[in-house]
Amino acid sequence: MKKSPTLKTLQVIVYGLILLIFVGPFWSVLVTAFSGTSLKPGQLTLIPQSFTLENFRIAFFDMKVWRYLLNSLIVVGFGTIAQVLVSALAAYALARKKFRGAAVVTLLILTTLMLPEEVIAIPLYLVTLKPLPIINEPIYNHYAAMILPVVGWAFSIFMLTEFMRAVPKELEEAARIDGANDWQVFGHVILPLIRPALGTVIIFGFIMIWDQYLLPLIVVQDHSLMTLPVALASLRVDPTITPNIIVAATLIAMAPSVIIYLLLQKHFNRGLMAGAVKG
Amino acid sequence: MKSKFGQLLLGGCLAVAVALPASAETITVWSRQTDQSISVLKAITDAFTKETGIKVETFNSGIDFEQRLARAAAARQLPDVVINDSSQVGSMRQMGILDPIDRTKLAGWKDVSDIAWQSAQDGQGKYYAVPISAQAFALFVRKDWREKLGLPVPKTWDDMRKLAEAFTHDDPDGNGKADTFGLAIPASTTRGYASWYMSHFLWQAGGGYLKKTKDGFLPILNTPEDAKALSFVRGLICDGLAQPGAVNATTGDTLPTFRSGQTGMLIDGPYDLGQIAKEPGLDKTEVDMLPAGPSGVAALAEGTSAYMLKGTTDKAAVMKFLDFLISPEGQKIGMNVGSDVTPLVRLPVNTTMDVLKIRKDPRWKVYQDTFLNYGHYMPAVPDWTSIRLLTGDGFNAILSQCQSDIPAQLADLNTKVAAELKKQGVLDPSYKE
Amino acid sequence: MTETQPSAHSNGPAPRKRSTRSPALRRLGRGVMPWLYLMPALIVFTWFKFYPMISGFLMSFYEVKFYDPSVWVGLDNYRAILHDSALLVATWHTIIYVIAETIGAAVLAFFLALALEGPARHVRIIRTAIFVPAITSVAIIAELWRILFNSASYGLVNSFIGLFGIPPQGFLTDPSQALWVLILMSIWKSAPYDMVIFLAGLVSINRELYDAADVDGASRLRKIWHVTLPGIVPAISVVVMLSFIRGFRVFTEVYATTGGGPAGSTSTIMTQIYKVGFEQLNYGYAAAVSFLLLLFTVLMTILHTVLKNRFFG
């Protein structure tokens, strides 16, 4: 079917509008961050004025954003890896095994998705003050306090469960006939087959951990351990810091999520598709 | 009553408490301030350590401060001393973390001005904190704008309104665009800012929040005086003389509007002088006393206090530190003269000191005069935060609905405040709806 | 079934040997095995989610005193909910928010999906670009919207509508508009996300149905109505459910833009909980409201699953 010229123009207009609405607002943020002139609150320039990197320099070095960025990267790095591992193991049990109590476990895990986290702020803080078994040390005010609580995330468990359900039973049976044990089926059959799903879960997990605000706020006290979202909130209430610098710091905070999304985005649609199939 | 829940909490926390080393000569101080201004507190604690040998560990935060205290209380992980707004005495008592202080045990207690001590007192005459800094509010005005338009220093509400109109409509910055506004108003419901901001105007009009009687408090929000104050401020907002978004703004939003030349008047404390000196600059601004309302000049008086928390292991060391904070030496370091970092001590509470001798800046005189002659503290009810939030919501509703019936809304608010006072057990029994 | 279990002593595969184990032992192994895989997850969930949840739930029966022992008040906190007019208003706002946001985002996402369907390069690039709002944190988006919808005449949206002769609007400062601006913001953030789910749904539609419709000479609109829409009903169901779960808990979106004002016009259940629990420090009451909200959301999810199973198998 050939498209008429009017239809084509219409299409270009629609594309333009969509981009303007969804991406346009971010343009102003970029421009402000690279602008030397200070703006009035609530005012935006769409055209860059006196281009400068000074805002980024001040934010990155003088405001120690590099340090908070590093903290965030440590938390999100270990957090995402541990989360995906733990979720994959749990999903394997939920997707490929039949056992008593599976429904209860699923419901309990699901419940955590719907809990407003503010309500568990105080109990969670108290838990981090208790010494963990074996190491006999409380994790409060350590990186571990920001990492361990995000390792369990219902969303990634359910998404991986859906993907693992979709792996044909025959492949697993064939492997077992070849003498593979349970662990080998998981490692050599299931995991390689759901590699695209792992990409999706990594993106979601990364963004979720990256945006954590309440948790790092309550389980850490030292300023040297603050993550970027907490540091940003704290910079924002400081009257000595001009808006341009805060905007620059905000852009630095946005960058990693965007980068990880662009790197892994071909997996992204598949992940959401699994959600749709599951319903 | 010892609850199961308390035991549950305790069980987890005792183990932690045991694990902590009990070092006798170290005290922990938490302060509600941002990273940029913590250096002043550090200077005080360094001098204190040098003099007494007692070490001080400090922690500061500009966000989440009261919540962090509440959590620390639940875990029995409280610091020894907290430095926070004087107005927080109610909410800290509500958390159950304050014991009354015997102020006569402090060597320098008599040097602290009576009006400052008022802020640390509950309704019954007990003291729960040591005031270390006082402040009042004054009006920052863009002098260059005002002189360019040939208008006088605002002395009354009328002057203020006329100046706001001129700043909004007569292009005071001469850029040919209608992008300036009369004054910056923080009237958000968040943390009760609307109530906090309206206080100056309520008292200027001759009204207020509560009347202290011998049997408690009576709400007086339904008075014509209060209605006058609200209708004046609402006029400024609804006629477009305040910065856009005033009804959602906090002080974090208003200071930048003045610094960037969006607004020409700002009611602010002396703590932002350093910021305003940097931008727009002291040559372009002046500090005037707040304008007189129908009942004359009035301004909110505030302060910073040091609180000794329950469960401190070394009371003697803490008392020494509190004494140091109100001593001339501690006060002087806290005033941080000769630097634009926000000072911890704004106006000294120690009456043996002369602010002008130390500051050498006549602007501070305006603040001191206002504090001593026209200052009003917020009422000393057990829990002011709840009433501030309640009236903040009520005032915000009036200020953001330009056509609403102010006396009716205030009457409604008055009833709600009475109910809250009753809940706190301090409503005068003679109150009638 | 040839399912076997690894024994703790054996290294590597040794298939023949294992079949000599007693059937009882094997059954036991089969019963324990799933729990071994679940264990790491259950440990972190128990320690960092379930246990704090239960503590929080218990708090709802106390007047929480923080430092001093809390006082047992039984159902008082729950009873107080019935007389809380501020919470009632907030609930009403939340319901309006959830319904408008869900419908708005779903409709917009549906048209986005139709416009941006297909493997063409330029379409793929646009799809990638418009996903940026969905991966940006809510706090940043809130800040952005405060600037865009500034009520000054030079605010970006106000300047834009000024081109069409519309006078400057109050937006977030106008009690009659603020909630709707917030709804618009949430639609903007979630529509790209919903779109991707719809796109996935569109792919799964049997192409033969379209061909059949073409043979019948159906118009484009009729095809959308009779083929596309029924085909993505499962996707719509997901979008609605996710949006409901998110929507009833809406907090940062509101707190960072209006704080619940002006004139309380944007208060939601969660901003109300926050105000009572963390500003007035009435933690027990806040916990009670939170658990009612949780219970409600869980019931809705169960209802959704039941309905879905009944109608779509």
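Bear in mind the structure is a predicted one, so any value in this text is a computation, not a measurement.

A. Region of interest: the overall build of chain C. A count of helices and strands for chain C gives 15 helices and 2 strands. With the principal axes as the frame, chain C shows a C-alpha extent of 85 × 75 × 35 Å. Classification of the 313 residues of chain C by burial places 43% in the buried group. Put simply, of all contacts in chain C between residues at least 6 apart along the chain, 67% involve residues at least 24 apart.

B. Structural context of the overall build of chain B. Helix and strand counts for chain B come out as 17 helices and 13 strands. Against the 2.2 N^0.38 benchmark of 22 Å for 433 residues, chain B shows a C-alpha radius of gyration of 22 Å, consistent with a compact globule. By its C-alpha atoms, chain B is 65 × 55 × 35 Å across when sized along the principal axes. Within chain B, the fraction of its 433 residues that count as buried is 52%.

C. The interface of chain C and chain A, seen in detail. Tallying the contact residues gives 72 residues for chain C and 64 residues for chain A. At 18 residues, helix α2 (residues 23-59) of chain C tops the list of elements feeding residues into the side of chain C that touches chain A. Residues that form the side of chain C that touches chain A fall into these classes: 52 nonpolar, 16 polar and 4 charged.

D. Quick look at unusual backbone geometry. Between Glu279(B) and Pro280(B) the backbone carries a cis peptide bond, its omega angle lying at 5°. The residue Pro280(B) is located in helix α11 (residues 273-281) in this model. Although it is not a glycine, Asn141(A) adopts a positive phi angle of roughly 65°. Mapped onto the elements, Asn141(A) comes out in the loop between α5 (121-129) and α6 (143-151). Look at Phe66(C): it is not a glycine, yet its phi comes out positive at around 60°. Note that Phe66(C) resides in the loop between β1 (62-63) and β2 (71-72). Taking the C-beta count within 10 Å as the criterion, Phe66(C) has 22 such neighbours and is therefore assigned buried.

E. Broad picture of the interface of chain A and chain B. Facing the 23 residues of chain A at the interface are 28 residues of chain B. If you list the elements that add at least two residues to the side of chain A that touches chain B, you get α5, α11 (214-219) and α12 (228-236) of chain A. Here the side of chain A that touches chain B takes 4 residues from α5(A), the largest share from any one element.

F. Seen up close, the UniProt feature "transmembrane region" (unreviewed entry) in chain C. Residues and elements named next belong to chain C. Residues given the UniProt feature "transmembrane region" (unreviewed entry) here are residues 35-62, 95-116, 128-148, 178-203, 224-245 and 283-307. Counting secondary structure, residues 224-245 comes out at 95% helix and 0% strand; the distance between its end C-alpha atoms is 28 Å. When the span residues 283-307 is considered, its composition is 100% helix and 0% strand, and the gap between its end C-alpha atoms is 36 Å.

G. The sheet that holds strand β2 (residues 55-60) of chain B, seen in detail. All names here are of chain B. What the 5 strands build is an open sheet, ordered β2-β1-β3-β12-β4; its pairing is mixed. The open sheet has two edge strands with one neighbour each: β2 and β4 (130-135). Within this sheet the neighbouring strands show an average axis-to-axis angle of 20°, counted without direction. Here strand β1 (residues 26-31) runs beside strand β3 (residues 81-85); their pairing, made up of 3 bridges, is parallel.

H. Up close: the packing of helix α4 (residues 85-115) of chain C against helix α14 (residues 269-279) of chain C. Residues and elements named next belong to chain C. Across the interface, α4 lies against α14 with an axial gap of 8 Å and an inter-helix angle of 145°. Each of Ala86, Leu87, Ala90, Thr91 and Thr94 in α4 lies in contact with α14, whose residues at this interface are Ile269, Thr271 and Gln272. Taken together, the residues that form the contact of α4 with α14 break down as 4 nonpolar, 4 polar and no charged.

I. Region of the structure containing the domain arrangement of chain B. Residue and element names in this part refer to chain B. The domain architecture assigned to chain B consists of domain 1 (24-136 + 301-360) and domain 2 (138-300 + 381-423). With 16 residues of domain 1 in contact, the opposing surface of domain 2 contributes 14 residues. Looking at the side of domain 1 that touches domain 2 element by element, the count peaks at 4 residues for helix α4 (residues 89-94). Among the residues forming the side of domain 1 that touches domain 2, the class breakdown is 4 nonpolar, 7 polar and 5 charged.

J. Quick peek at helix α12 (residues 315-326) of chain B. Residue and element names in this part refer to chain B. Over its 12 residues, α12 extends 17 Å from the first C-alpha to the last, a length consistent with the 16 Å expected when each residue adds 1.5 Å. Among the residues of α12, Ala317, Val318, Phe321, Leu322, Phe324, Leu325 and Ile326 are the ones counted as buried. Along its buried surface, α12 packs onto β1, α2 (38-52), β3, β4, β12 (302-308) and α13 (328-335).

K. Broad picture of the sheet that holds strand β10 (residues 285-288) of chain B. All names here are of chain B. Reading across from one edge, β6-β9-β5-β10 is the order of the 4 strands in this open sheet, with mixed pairing throughout. Across the chains shown, the open sheet's two edge strands, defined by having one partner strand only, are β6 (181-184) and β10. When the angles between neighbouring strand axes are averaged without regard to direction, this sheet yields 20°. Pairing of β6 with strand β9 (residues 263-268), which is carried by 3 bridges, proceeds in the parallel orientation.

L. How the structure looks around the environment of Thr111(A). Position of Thr111(A) relative to the elements: it lies in helix α4 (residues 102-113). For the pair formed by Thr111(A) and Ser257(A), sequence separation is 146 residues and the distance between their alpha carbons is 27 Å.

M. Structural context of the confidence of the model for chain C. All names here are of chain C. Of all residues in chain C, 91% have pLDDT values of 70 or greater, and the mean over the chain is 84. Predicted confidence for residues 1-19 stays below pLDDT 50, and this span has 19 contacts to residues more than four positions away or in other chains. Among the scores for the predicted complex, ipTM is 0.89 and pTM is 0.84.

N. Fine view of α2(B). Residues and elements named next belong to chain B. For α2, spanning 15 residues, the distance from its first C-alpha to its last is 21 Å, which sits close to the expected 21 Å at 1.5 Å a residue. Turning to α2, its buried residues number three or more, namely Ile38, Leu41, Ile44, Thr45 and Phe48. Buried residues along α2 cover an arc of 120° about the axis, so they all sit on one side. In α2, the exposed positions angled more than 90 degrees off the buried face are occupied by Asp46 and Lys50. Tucked into the core, α2 has its buried residues touching β1, β2, α12 and α13. After α2 finishes, the residue glycine 53 shows a positive phi value of roughly 80°.

O. Highlighting the confidence of the model for chain B. Confidence in the prediction of chain B, expressed as mean pLDDT, is 89, and 94% of residues score 70 or more. Here residues 1-23 of chain B scores under 50 on pLDDT; set against residues more than four positions off or in separate chains, the count is 33 contacts.

P. Representation of the pairing of β3(B) within the structure. Residue and element names in this part refer to chain B. β3 sits mainly inside the fold: 4 of its 5 residues count as buried. With 5 bridges connecting them, β3 and β12 associate as antiparallel partners. Note that in β12 the partner of valine 82 across the bridge is tyrosine 307.

Q. Layout of the packing of α4(C) against helix α12 (residues 233-248) of chain C. All names here are of chain C. One way to put it is that α4 packs onto α12 with a least axis distance of 9 Å and a crossing angle of 150°. Viewed along their axes, α4 and α12 adopt a mutual orientation that is roughly antiparallel. As α4 packs across α12, the resulting crossing turns out to be right-handed. Residues Thr94, Tyr97, Val98, Glu101, Thr102, Ala105 and Ala106 of α4 pack against Ile236, Val239, Val240, Ser243, Phe244, Gly247 and Phe248 of α12.

R. The nonpolar core, seen in detail. Formed by 285 residues in total, the largest nonpolar core has its most connected members in Ala249(A), Ala73(B), Val81(B) and Ile185(B). By residue number, the principal contributor to this core is helix α9 (residues 178-203) of chain C, which donates 15 residues.

S. Region of the structure containing the environment of Gly235(B). On the secondary structure map, Gly235(B) appears in helix α9 (residues 224-238). When the C-alpha atoms of Gly235(B) and Cys402(B) are compared, they prove to be 8.1 Å apart, with 167 residues separating the residues in sequence.

How each quantity is defined
Residues numbered from 1 in each chain as written. Chains lettered and ligands numbered in written order. Predicted model: local features only at pLDDT ≥ 70, side-chain atom pairs only at ≥ 80, totals over all residues. Helix = DSSP H or I, 4+ residues; strand = E, 2+ residues; numbered from the N terminus. Buried ≥ 20, exposed ≤ 12 C-beta atoms within 10 Å, placed from the backbone. Contact = placed C-beta atoms within 7 Å. Rg over C-alpha atoms; globule rule 2.2 N^0.38 Å. Nonpolar A, V, L, I, M, F, W, Y, C, P; charged D, E, K, R; others polar. UniProt positions renumbered as here; feature names shortened; annotations may be inferred. Pairing = 2+ DSSP bridges. Axes fitted to C-alpha atoms, helices over the stretch in contact; angles between N-to-C directions. Domains from an automatic or database assignment. Expected span 1.5 Å × (residues − 1). pLDDT = per-residue confidence, 0-100. Arc of directions from axis to C-beta. Parallel < 35°, antiparallel > 145°, perpendicular 65-115°, else oblique. Left-handed = near helix turned anticlockwise from the far one by under 90°. Core = buried A, V, L, I, M, F, W, Y, C linked by C-beta atoms within 7 Å.

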